[in-house]
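These are the residues of each chain, in order.
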Amino acid sequence: MARAIVTEPTVILADEPTGNLDTAKSREIMELLVELNRARGITIVMVTHEADMAAYARRIVRFLDGLVAADHASTGVR
């Protein structure tokens, strides 16, 4: 994460950023990504299979067999 942030990007591409982490560390990572988005305006594009991690997003796009199956705004419940 530090390597991605140090260059002050406008977009971060995160592929399963919480994979293999425990629940507490997963929340810390997601809270960091949310803060980067809010405070610095960094767009976060994240791939995840975890619904509770996707719940942090303002927009969720679901794919099925390589096609967009759903695209909707989320409440960003966290």
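Whatever comes next refers back to the structure up there.
If you're wondering where the values come from, they're calculated on a predicted model, not measured in any experiment.

> Even after reading the chapter, I still don't get the environment of A73, so can you show me in this structure?
Tracing the backbone shows A73 in strand β4 (residues 67-73). Take A73: its relative accessible area is 66%, and that puts it in the exposed class. Remark: the alpha-carbon pair of A73 and V61, spanning 12 residues in sequence, is separated by 8.7 Å.

> Explain the pairing of strand β2 (residues 43-47) to me, please; I cannot follow it from the model alone.
Both faces of the sheet carry side chains from a regular strand, because those side chains alternate between them. Judged from the five bridges that link them, strand β1 (residues 11-15) and β2 form a sheet pairing that is parallel. Of the residues in β2, the one forming a bridge with A14 is M46. In this fold, β1 hands off to helix α2 (residues 23-40), which returns the chain to β2; that crossover is right-handed.

> Would you mind showing me how to read the nonpolar core here?
Most often, soluble globular proteins have nonpolar side chains that are buried together. Of all hydrophobic cores here, the largest spans 10 residues; its members are I5, I12, I29, M30, L33, V34, L36, I42, M53 and Y56. Among the elements that line this core, the one with the most residues is α2, at five residues.

> Quick question: what am I supposed to make of the pairing of strand β3 (residues 59-64) here?
Of the pairings in the sheet, the one linking β3 to β4 comprises six bridges and is antiparallel in character. Within β4, the residue paired with V61 across the bridge is D71.

> Could you clarify how one ought to interpret the environment of L33 in this entry?
As for its position among the elements, L33 is in helix α2. Note on L33: relative accessible area 3%, which makes it buried. Placed 28 residues apart in sequence, L33 and I5 show a C-alpha to C-alpha distance of 10 Å. Leave out the neighbours within four places in its chain, and L33 touches M1, P17, I44 and M46.

> How should I be thinking about the side chain of S26 in this particular structure?
For S26, the position within the fold is in helix α2. Taking relative accessible area as the criterion, S26 reaches 3% and is therefore assigned buried. Excluding its chain neighbours within four sequence positions, the residues that come into contact with S26 are T18, L21 and M53.

> Is there a simple way to explain the pattern of salt bridges in this structure?
Close approach of charged atoms allows side chains of opposite charge to pair. Evaluation of the coordinates by the stated rule reveals two salt bridges. A salt bridge links E28 to K25, with the nearest nitrogen and oxygen atoms 3.6 Å apart. On the criterion of helical spacing, the pair formed by E28 and K25 is a turn pair, its members being three residues apart in helix α2. Judged by relative accessible area, E28 falls into the partly exposed class, the value being 44%. Taking the relative accessible area as the measure of exposure, K25 reaches 41% and is therefore partly exposed. Between D71 and R59 there is a salt bridge, with its nearest N and O atoms 2.6 Å apart. Note that D71 is positioned in strand β4 and R59 in strand β3, a separation of 12 residues in sequence.

The rules behind the values
Residues numbered from 1 in each chain as written. Predicted model: local features only at pLDDT ≥ 70, side-chain atom pairs only at ≥ 80, totals over all residues. Heavy atoms only, no water. Helix = DSSP H or I, 4+ residues; strand = E, 2+ residues; numbered from the N terminus. Buried < 20%, exposed > 50% of the residue type's maximum accessible area, 1.4 Å probe, protein only. Pairing = 2+ DSSP bridges. Right-handed = clockwise from strand over helix to strand, strands pointing away. Core = buried A, V, L, I, M, F, W, Y, C linked by side-chain atoms within 4.5 Å. Contact = heavy atoms within 4.5 Å. Salt bridge = Lys/Arg side-chain N within 4 Å of Asp/Glu carboxyl O.

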